[in-house]
Amino acid sequence: MSARARRGPRDGRAQWLAPLWCLSAALGVLRTPASQAFNLDVDKLTVYSGPEGSYFGYAVDFHIPAARTASVLVGAPKANTSQPDIVEGGAVYYCPWPAEGSAQCKQIPFDNTNNRKIRVNGTKEPIEFKSNQWFGATVKAHRGEVVACAPLYHWRTLKPTPEKDPVGTCYVAIQNFSAYAEYSPCRNSNADPEGQGYCQAGFSLDFYKNGDLIVGGPGSFYWQGQVITASIADIIANYSFKDILRKLAREKQTDVAPASYDDSYLGEIHYLAHLLFLKRMDDVLIGALSSWNVYLYLQVSALVFRDPQILAVTEVFGRFGSAVATLRDLNQDGYNGIKRGKVLIYNGNKDGLHTKASQILQGLWASQTIPSGFGFTLRGDSDIDKNDYPGRVSFFSQRAHFPEGRKVAVYRARPVVTVDAQLLLHPMIINLENKTCQIPESVSPVACFSLKVCASVAGQSISNTIGLTAEVYLDTLKQKGAVKRTLFLDNNQSHFIFPLTIKRQKSLQCQDFVVYLRDETEFRDKLSPINISLNYSLDESTFKEGLDVKPILNYYKENTVTEQAHILVDCGEDNMCIPDLKLSARPDKYQVIIGDENHLMLVINARNEGEGAYEAELFVMIPEEADYVGIERSNKGLRPLSCEYKMENTSRMVVCDLGNPMVAGTNYSLGLRFAVPRLEKTNMSINDLQIRSSNKDNPDSNFVSLQINITAVAQVEIRGVSHPPQIVLPVPNWEPEEELHKEEGVGPVVEHIYELHNIGPSTISDTLLEVGWPFSARDEFLLYIFHIQTLGPLQCQTNPDINPLDIKPATPPEDTPELSAFLRNSTIPHLVRKRDVRVPEPHRQSPAKILNCTNIECLQISCLVGRLEGGESAVLKVRSRLWAKTFLQVTTLTHMHTPCREPLLKSSIKTSVIWATPNVSFSIPLWVIILAILLGLLVLAILTLALWKCGFFDRARPPQDDMNDREQLTDEKTIET
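Reading the values: rules and limits
- Residues numbered from 1 in each chain as written.
- Predicted model: local features only at pLDDT ≥ 70, side-chain atom pairs only at ≥ 80, totals over all residues.
- Heavy atoms only, no water.
- UniProt positions renumbered as here; feature names shortened; annotations may be inferred.
- Salt bridge = Lys/Arg side-chain N within 4 Å of Asp/Glu carboxyl O.
- Helix = DSSP H or I, 4+ residues; strand = E, 2+ residues; numbered from the N terminus.
- Phe/Tyr/Trp six-rings, centres within 6.5 Å; stacked < 30°, edge-to-face > 60°.
- Buried < 20%, exposed > 50% of the residue type's maximum accessible area, 1.4 Å probe, protein only.
- Pairing = 2+ DSSP bridges.
- Axes fitted to C-alpha atoms, helices over the stretch in contact; angles between N-to-C directions.
- Disulfide = S-S within 2.5 Å.

Per an unreviewed UniProt entry, the recorded name for the protein chain is Integrin subunit alpha 8, and the organism is Lynx canadensis. Here the protein chain is described in UniProt, under the heading Sequence similarities (unreviewed entry), as follows: "Belongs to the integrin alpha chain family."

A. Region of interest: the pattern of salt bridges. A complete count under the given rule lists 26 salt bridges for this structure. Between K478 and D525 there is a salt bridge, with its nearest N and O atoms 2.6 Å apart. With a gap of 47 residues between them, K478 in the loop between β38 (465-474) and β39 (486-488) and D525 in the loop between β41 (509-517) and β42 (530-538) connect regions that are remote in the sequence. Via salt bridges that share partners, D111, R116, E128, K130, E182 and R187 belong to a single interconnected network.

B. The arrangement of the packing of aromatic side chains in detail. Scanning the model with the defined rule gives 21 aromatic pairs in all. A ring pair is formed by F110 and F135, whose centres lie 5.5 Å apart and whose planes are at 65 degrees; its orientation type is edge-to-face. Of the two residues, F110 sits in the loop between β5 (106-107) and β6 (117-120) while F135 sits in the loop between β8 (128-129) and β9 (138-142), which places them 25 residues apart along the sequence. Of the residues examined, F110 reaches a relative accessible area of 4% and is grouped as buried.

C. Region of the structure containing the sheet that holds strand β54 (residues 704-711). One open sheet accounts for 6 strands, arranged β46-β54-β53-β48-β51-β50; its pairing is mixed. A strand with exactly one partner marks an edge of an open sheet, and here the two such strands are β46 (591-593) and β50 (643-648). On average, each strand axis in the sheet is tilted by 30 degrees relative to the strand beside it, whichever way the strands run. Examined bridge by bridge, strand β48 (residues 616-621) and strand β53 (residues 683-692) share 3 bridges and lie antiparallel to one another. Residue pairing in the sheet places E617 in a bridge with R692 of β53.

D. Fine view of the state of the cysteines. Counted by the stated rule, this structure contains 8 disulfides. Across the disulfide from C95 sits C105; the S-S distance is 2.0 Å. The sign of the S-S torsion, about 120 degrees, decides the handedness of the disulfide formed by C95 and C105: right-handed. One end of the pair, C95, is in strand β4 (residues 91-96); the other, C105, is in the loop between β4 and β5, with 10 residues separating them in the sequence. The pair formed by C95 and C105 is uniform in burial state, with each residue classed as buried. Residue C643 pairs covalently with C656 via a disulfide, S to S 2.0 Å. Residues C643 and C656 are joined through a disulfide that is right-handed, its torsion about the S-S bond being 110 degrees. You can see C643 sitting in strand β50 and its partner C656 sitting in strand β51 (residues 651-659), a full 13 residues away along the chain. Just as C643 is buried, C656 falls in that class too.

Have a look at this one:
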């Protein structure tokens, strides 16, 4: 089966037009009444209404048959008419302009007849079908001629087998609707699909510039489509109501093309060329439903076009480009514009169209459904109110599936005022030394310059006098809150608002002002330009009363004008200063000590070997370890400049003023002092020292960076105290216990306190403190530890553990006055002397034996010292008891020294243990004493002789070591630790 044989039934093909128009209606987006207007007046518009459900407004056009006369033509393709037996045949309405009072739109009687009939086999049957023909789907007017078409008009062929085909038909009205003629170019006896059976003539409609008619028939030749042209004069001259199949001699039609062009729809409205007129050259504007874009082709020579300019929007389902129309030169700037629907208006320019819409018209009425259809039909290019500006029409639909709306809105164009404004300054370079103006109520003259605000206006159909509101702002480059360098002499303000009345006939009209500069002490910036800005707007209070359409400023003309003045600087004839800034720096010391009261001074040299540097400043970034103290003033070789501390975000800096300007040849040396209290790293960096100026060319100096070494120095000492300083055995009122269960039964308390003191200046950390504690000798305890306490950053452990016998400790007593004083005051003597004890001097036959960690077993106390700042201490407190049993059974005079190992500093802390015999006195006669002594000596001699004879001394002789020890026997025992 061929491609042509696969076509559907003719009746199905004829109904294709309705859903296509349904889609074409879905253009508007539901909006509240608003606009971003250029020169279409959205406040004063005319609205026409038609019958409900008639699709009133589906097609619109302006009818201007003669000067000073105008009306609006509105198509309603589903309207009912007075035609007998015709249902919704469609109509075209004539709406008067301006709409005064209760004037209504009236149907134009293009056709009042019923369906024409022919006799077939003796029976009259209709040969045409006008019901639902969509008459008024297209309407066009050209001068005094009006054409309206019914693209769904059906025709019955004259074949024996009756067939009904949508060939379409059009009607022409002339002479102020006094004469009418029908024109149906596709109606013939061969209405097959391969011919013009589905032509739908009048689907699109337009006029050539010479007045000839252009009719589109998209359904001809298997929907290849065709375009047909004819002269209106020929249509009128050859019209006959009875000659239903007539042809015009000078009619032109595009012919059938190869089958590959099937379904091209040539002649469909969206692809039919609309013309823009740019400098008398025809350019083509096309709205494409397939891409929802609008394409503008500018003709550069005969039938030679540029690549298209594409307009597109991102409205989802907005059907952008469904309606396209020219507005002629809407703002009278010499370039035509176009509009398309939402409605968006684009003005023309020499390169085609502005890519930004100059005006957006939103929907005017609320709709219960979406889309609302506003903007479905567009028409412009007509000056209906004779103000030399073309108006436009848009259509609004209130229903969703079909554009069954019944409203048409006519917008009038507002006169466009184009202002040419200027700012004139004299002089444009101000000499601060030339002080020629006097401020009212001031005795000091000031530098000043004159300012002229000038403007002229132009526009079509504007008033002879235009009132403007002008606003002038001085020194606008200065941010809000900054000092404005210039002020108006009249009001001492940096801005001025005033009315400016311009007559259209004159070229430039000006208003004069005087502007003065503040005193130099009030500002620093002398290089940046003094920017002056003029803003202007239309003064609506000057509009004439009763003005129907108010003028508007040209949207494409900036309403802001700027000009600049400059301050005269000593920079040569070109008034441009190019400095050559040099910077060097060195510290007064290259090493600082952590914790010391460090004061570091930077000696900085700043030079300018070029032209003047304005607003020259030295910037010194302060490192995190340092604080700014001030500038060095005692050294006569250093310049005491003005410097201040500043902070921007988290950056700290010192900023010094080097002059405004820092003239050529300047050579400054200055000193900046810093405290450096926060030192932890091995070096400190002082980065980003730089001179900066406000000059445009070569404004800054080189960067300078410095490195300062950081050293840690700390003097540490150990000092301590012992309580008691000595112990005398036996202890009064104390007896040793056979089995020890409590601490009190062990012996006298011996407490030592060791203080590790950081004299500074630097902080120390991770220091190890070790104490060797005399613990036992020959498996007998010496000083038995019950408790270890620390103050400060100390973490201690012992080896072996303290209190190995798990004797129950006593409740720690309060510190003695000596210990309390030591803890409160670190300045007490390091060596605490022995307290005075009235005891007899022991009789010693040999020197005391010293016990330390080299000849006895010591318990090791190891303490890790944390962070200690200069002047801080860590304290170790040891509570022990002298193991009394050991010393009561030992007859040796012993000295015990602690600590046994002192890795940091030695501390002389001693505890003396003394065993004394009580001193007892009696009153006995001398002779009795002498006699007793003699008797005693005699008894001793006899006893010794008896024992010797018995060999007792030979059997009891001890080992040599014991003999050596026994040589040190005494009846008193003293132990020092």
